[in-house]
Amino acid sequence: MGASRVENEMPDIPSVRTPPETFYGAPVGRRVTMRDLAQATARGERWPMITAYDALTAGIFDEAGIPALLVGDSAAMVVYGHDSTLPVTVDELVPLVRAVVRGSKRAVVIADLPFGSYQESVAQALRTASIFMKEGGAHAVKLEGGAFVLPQVEALAAAGVPVIGHLGLTPQSVNLFGGYRVQGRGESGDMLVRDAKAMEAAGAAAIVLEVVPAELAARVSEILTIPTIGIGAGPDTDAQVIVWQDLCGLTAGPAPRFVKRYADIRSTMSDAVGSWAADVASGTYPAKEHEYA
Ligand code: KIV
């Protein structure tokens, strides 16, 4: 058997070093768009979205092949240490959006509009979205709520802003819900379906469904043409989103039921820092090989 024959028979092994010709429909050199992701959904492809709040992790997720990075208002909790998403401001989120855009090359970057930055009026929503897009470089925005924010969704879409809706457990309404509880059970499920349809009609590019019964999420995903992005919404949404610190095991304490931990970064970091501290205390770090002559 000659060498060329062997080469011909080599299976086509995908390599992480060889970038694919296209990435979710985006040719090499251009970012994925919300439109590309809608087309991926139309082709029946499921896709992942993950939160990111800084350039370093945005780069890791981008290289790992995640097509959508969400700078969530969850930054209030996982970056700024608040106990809800309510306190975070536009001024606090814009630099994080800028860092995520800088750190990524291929993913679409979505900025979450924080509490109080879009509910007041259509004009306020347009103003806030334009800050995130002009100053942060975001490619899309996300906002929470149903019928109440339809005028905002319609105006943003008309102004050329890809806008993602968010229904179900909308954390900015935690005080109204009386806690982080499952939403959309019973009759409120029909209202959620109506809201989702109205969002699509208003021009939403996609809809996040958070902590709702899996059957309800499946029903909404069946009815809508735009992608549904689930978090705690079962397996039948078109995409899934997760807070990266939950997925990688950086957050402390018990995780919500829908979280599957794929790593234990908290222990790894804690062990590393503890070992370093012990070496500093014993004088074994820095060693000879860490010195400059
Ligand atoms: O703020 C956020 O991280 C979110 C996702 C959990 C959907 O809204």
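Note that the structure is a prediction, hence the values are computed from the model and not measured. (Residues numbered from 1 in each chain as written. Predicted model: local features only at pLDDT ≥ 70, side-chain atom pairs only at ≥ 80, totals over all residues. Heavy atoms only, no water.)

A. Expanded view of the site of the ligand. Around the ligand, the neighbouring residues are Thr 51, Leu 70, Gly 72, Asp 73, Ser 74, Asp 112, Lys 142, His 166, Ile 231, Val 241 and Val 243. Measuring from an oxygen atom of the ligand, one finds a side-chain N or O atom of Asp 73 at 2.9 Å. Asp 112 is positioned with one of its side-chain polar atoms (N or O) 3.1 Å from an oxygen atom of the ligand. Burial of the ligand by the protein amounts to 95% of the accessible area it has alone, namely 260 Å². Per-class residue counts for the shell around the ligand are four nonpolar, four polar and three charged. (Near = heavy atom within 4 Å. Polar contact = N/O pair within 3.5 Å; in protein donor to acceptor, adjacent residues only side chain to side chain. Areas by Shrake-Rupley, 256 points an atom, 1.4 Å probe, with all protein chains shown as cover. Nonpolar A, V, L, I, M, F, W, Y, C, P; charged D, E, K, R; others polar.)

B. Quick look at the domain arrangement of the protein. You can read the domains of the protein as domain 1 (20–262) and domain 2 (264–293). Using C-alpha coordinates to define each centre, domain 1 is positioned 38 Å away from domain 2. The partner domain 2 presents four residues to the five residues of domain 1 that form the contact. Across the domain 1 to domain 2 interface the summed buried area is about 380 Å²; carbon plus sulfur atoms make up 58%. Its largest share of buried area at the contact with domain 2, domain 1 owes to Cys 248, Gly 249 and Leu 250, together 73% of the area lost on that side. (Domains from an automatic or database assignment. Contact = heavy atoms within 4.5 Å. Buried area = accessible area lost by both parts, 1.4 Å probe.)

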